[in-house]
Amino acid sequence: MFAARPATQPRLSGAAPAKIALVGGMLLDGYEAPPIHHAAVLIEGDRIVKVGPAASTPIPPDYTIVDTSGRTMLPGMIELHGHLILLGHGNYATWFPWVAKQGPGMLGTVMEVAAKQLLMAGVTSAVDLGAPLRESLAVRDRINKGDIPGPRMSMSGPWITRQGGGMTDQFGGIAVTSTAQAAAEVEKLAKAGVDVIKAHSGLTRDDYQAIADTAHKFGLRVHAHVYAETDVRNALETGIDVLSHAGSAGTAPPYSPQLITDIVNAGRPVVITAAHRAWIYPDTAAFPERLQDPQLRKDFPPAVYAEIQDSLKNWRALGYFGRTDREMIFRDKGVTQFTDSGTVLGMGTDSGTPMNFHTEALWREAKVHVDLGMPAIKVISALTRVGATILGKQRDLGTVEPGKLADIIVVNGNPLYDITALAHVETVVKGGTVVKSPRP
Ligand SMILES: [Zn+2]
Ligand SMILES: [Zn+2]
């Protein structure tokens, strides 16, 4: 129906902006609105300039047409909790020493592989919540310069915790011994150029207050790693911007109704990261073949592939899944306590954690929410428009409408009918450049 032409290349400075039109497919624009069928999206340079039904949207002759007929177009997805330094290996205690042993460049290589996997999975923006500072900034900056493929990354660098309160060594985490030090570390990270701050568990209420106040002074948002009711409440009441992991079964029964009410009334966003343990584990028991997804062999350097396969040989015995039996008892209620109450939900996955590959973490998270009753259109909006709002980038990202940056994906199938269509990302456009397209 529409002639497919080759993907556009990055523009040379001074050249006329590239003009492409995505034409023919159904468009979900990121709002909870009915789709536009047989739509056309016109892109000039890195921005969307026109959106509408193809029949009533003329395409000037200087546009390159990308045929999306029979497919679904939607905004690029936003991953609000990922880990580029992890690739799904089963055991942090052996993964990090193995990476270090390969030489000083390996950690950077791992992060680049992860970033590319995310982008090819349709993730055009992502938040990384825990990695050494220098490598975090380097991978982000290389992506922004166009040296390597990856999403628009918001990097926290090292997270902040109390001494003894959370893992520090391999994630580059900073263990503070006082509230004043917590504030000082936030200031140092902000001045070093991080995009967000991660406040890990183990912190006091005063620590959260100091972290939030200092981060906000520098215009940064704080994501808290919180499971326990007290931590969630402390983070909520001290103005921490995003409650991450809350509702992921952890080890606890659901939160008190009062806490949920207070989160809803505050409009405070929650990123549950539901799927990483209590769903990945039974899903892998049902289909262990997923661990040998051919895409992983393609994406990973051979030595990395071999090391990860080796770490997952006896995956049922991994320490990471030590409490999963118990978590599975609470997993549904952990999610529905928020979805049933009108909480502002973003989608994040802890991608990279054991068996939780960047290639599929986000559609798995989406599926959990749909399976537990959240309408697919709402899940897609959480993956896109709401995610952009949580990042504070709603002016540029999260929807397909004129004026926004052209971050758009094309998936095979109708995600409103079957959300796992999001697993079949055929085309990825980031900032007006086609970075993934179907085989000719
Ligand atoms: Zn976390
Ligand atoms: Zn995490």
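For the structure itself, look to the data block above.
Residues numbered from 1 in each chain as written. Chains lettered and ligands numbered in written order. Predicted model: local features only at pLDDT ≥ 70, side-chain atom pairs only at ≥ 80, totals over all residues. Heavy atoms only, no water.

*Asks:* Describe the overall build of the protein chain, naming the residues involved and giving the relevant values.
*Replies:* A tally of regular secondary structure across the protein chain gives 13 helices and 19 strands. Taken over C-alpha atoms, the radius of gyration comes to 21 Å for the protein chain, in line with the 22 Å a tight globule of 440 residues would show. Residue burial in the protein chain is summarised as follows: out of 440 residues, 57% are buried. Here the analysis covers contacts within the protein chain between residues at least 6 apart in sequence; of these, 72% occur between residues at least 24 apart. Just so you have it, the protein chain exposes about 17,300 Å², and 53% of that area is on carbon and sulfur atoms. Between the averaged position of the 42 positive side-chain charges in the protein chain and that of its 43 negative side-chain charges there is a distance of 3 Å. (Helix = DSSP H or I, 4+ residues; strand = E, 2+ residues; numbered from the N terminus. Rg over C-alpha atoms; globule rule 2.2 N^0.38 Å. Buried < 20%, exposed > 50% of the residue type's maximum accessible area, 1.4 Å probe, protein only. Contact = heavy atoms within 4.5 Å. Areas by Shrake-Rupley, 256 points an atom, 1.4 Å probe, with all protein chains shown as cover. Lys, Arg positive; Asp, Glu negative; His and termini not counted. Charge placed at Lys NZ, Arg CZ, Asp CG, Glu CD.)

*Asks:* Please provide a residue-by-residue account of the coordination of the zinc ion (ligand 1), values included.
*Replies:* Protein coordination of the zinc ion (ligand 1) is provided by K198 (NZ), H225 (ND1) and H245 (NE2), with donor distances spanning 2.1 to 2.3 Å. Sequence spacing of the donors to the zinc ion (ligand 1): K-x26-H-x19-H. You can call K198 buried: its relative accessible area is 2%. (Donors = N, O, S within 2.8 Å, 3.2 Å for Na, K, Ca; no water.)

*Asks:* Kindly report on the packing of helix α6 (residues 229–237) against helix α7 (residues 257–266), identifying the contributing residues and their values.
*Replies:* When two helices pack together, their arrangement is captured by the angle between the axes and the distance separating the axes. Interaxial distance between α6 and α7 falls to 11 Å at its minimum, and their mutual angle equals 25°. Comparing the axis directions of α6 and α7 gives the class roughly parallel. Remark: the crossing between α6 and α7 carries left-handed chirality. Where α6 abuts α7, its residues E229, V232, R233 and L236 lie against Q258, L259, D262, I263 and A266. Counted by class, the contact of α6 with α7 contains five nonpolar, one polar and three charged residues. (Axes fitted to C-alpha atoms, helices over the stretch in contact; angles between N-to-C directions. Parallel < 35°, antiparallel > 145°, perpendicular 65-115°, else oblique. Left-handed = near helix turned anticlockwise from the far one by under 90°. Nonpolar A, V, L, I, M, F, W, Y, C, P; charged D, E, K, R; others polar.)

*Asks:* An account of helix α2 (residues 106–120) is needed here, citing residue identities and associated values.
*Replies:* With 15 residues, α2 ought to run about 21 Å at 1.5 Å a step, and its terminal C-alpha atoms sit 21 Å apart, in line with that. For α2, the full list of buried residues reads M106, L107, V110, M111, V113, A114, A115, Q117, L118 and L119. Within two residues after α2, G122 carries a phi angle of roughly 95°, on the positive side. (Expected span 1.5 Å × (residues − 1).)

*Asks:* I'd love a proper account of the nonpolar core, names of residues and values included.
*Replies:* As a rule of thumb, nonpolar side chains are buried together in soluble globular proteins. Residues L84, L87, W95, I197, I211, F338 and L422 are the most contacted members of the largest nonpolar core, which totals 104 residues. The element best represented in this core is α2, accounting for nine residues. Sequence-distant contacts of I211, defined by excluding residues within four places in its chain, comprise I160, A182, V186, I197, A199, L203 and V222. Membership of the second largest hydrophobic core comes to 15 residues, among which are L22, I48, A406 and V410. (Core = buried A, V, L, I, M, F, W, Y, C linked by side-chain atoms within 4.5 Å.)

*Asks:* Can you break down the packing of aromatic side chains residue by residue, with the values?
*Replies:* What the rule picks out here adds up to seven aromatic pairs. Seen from their ring centres, W95 and W98 are 5.8 Å apart, and the 20° between their planes marks the pair as stacked. Here the residue W95 and the residue W98 both occupy positions in helix α1 (residues 92–101), the gap between them amounting to three residues, near one helical turn. The exposure class of W95 is buried, given its relative accessible area of 0%. Taking relative accessible area as the criterion, W98 reaches 13% and is therefore assigned buried. Put simply, the rings of Y92, F96, Y281, W315, Y320 and F321 pair up and form one aromatic cluster. One cation-aromatic arrangement involves R277 over Y320; the distance from NZ or CZ to the ring centre is 5.7 Å. (Phe/Tyr/Trp six-rings, centres within 6.5 Å; stacked < 30°, edge-to-face > 60°. Lys NZ or Arg CZ within 6 Å of the ring centre and 35° of its normal.)

*Asks:* Account for the sheet that holds strand β4 (residues 47–53), naming residues and giving values.
*Replies:* As summarised here, the arrangement of the four strands in space is β4-β3-β1-β5, forming an open sheet in which the pairing is mixed. The sheet is open, and its two borders are formed by β4 and β5 (64–67), each paired with just one other strand. Mean inter-strand twist for the sheet, computed between neighbouring axes without regard to direction, equals 20°. (Pairing = 2+ DSSP bridges.)

*Asks:* Now, about the packing of helix α5 (residues 205–217) against α6: what can you tell me, with residues and values included?
*Replies:* At a minimum axis separation of 9 Å, α5 and α6 run at an interaxial angle of 35°. Seen from above, α5 lies across α6 with right-handed handedness. Across from R205, Y208 and Q209 in α5, the residues of α6 making contact are D231, N234, A235 and E237. Among the residues forming the contact of α5 with α6, the class breakdown is two nonpolar, two polar and three charged.

*Asks:* Account for unusual backbone geometry, naming residues and giving values.
*Replies:* Of note, H245 is a non-glycine position whose phi angle comes to about 80°, a positive value. Following the sequence through the fold, H245 ends up in the loop between β14 (242–244) and α7. Given a relative accessible area of 0%, H245 falls into the buried group. Phi at T273 is positive, roughly 50°, even though this residue is not glycine. In this structure, T273 sits in the loop between β15 (270–271) and α8 (280–286). Exposure remark for T273: the relative accessible area of 0% places this residue in the buried category.

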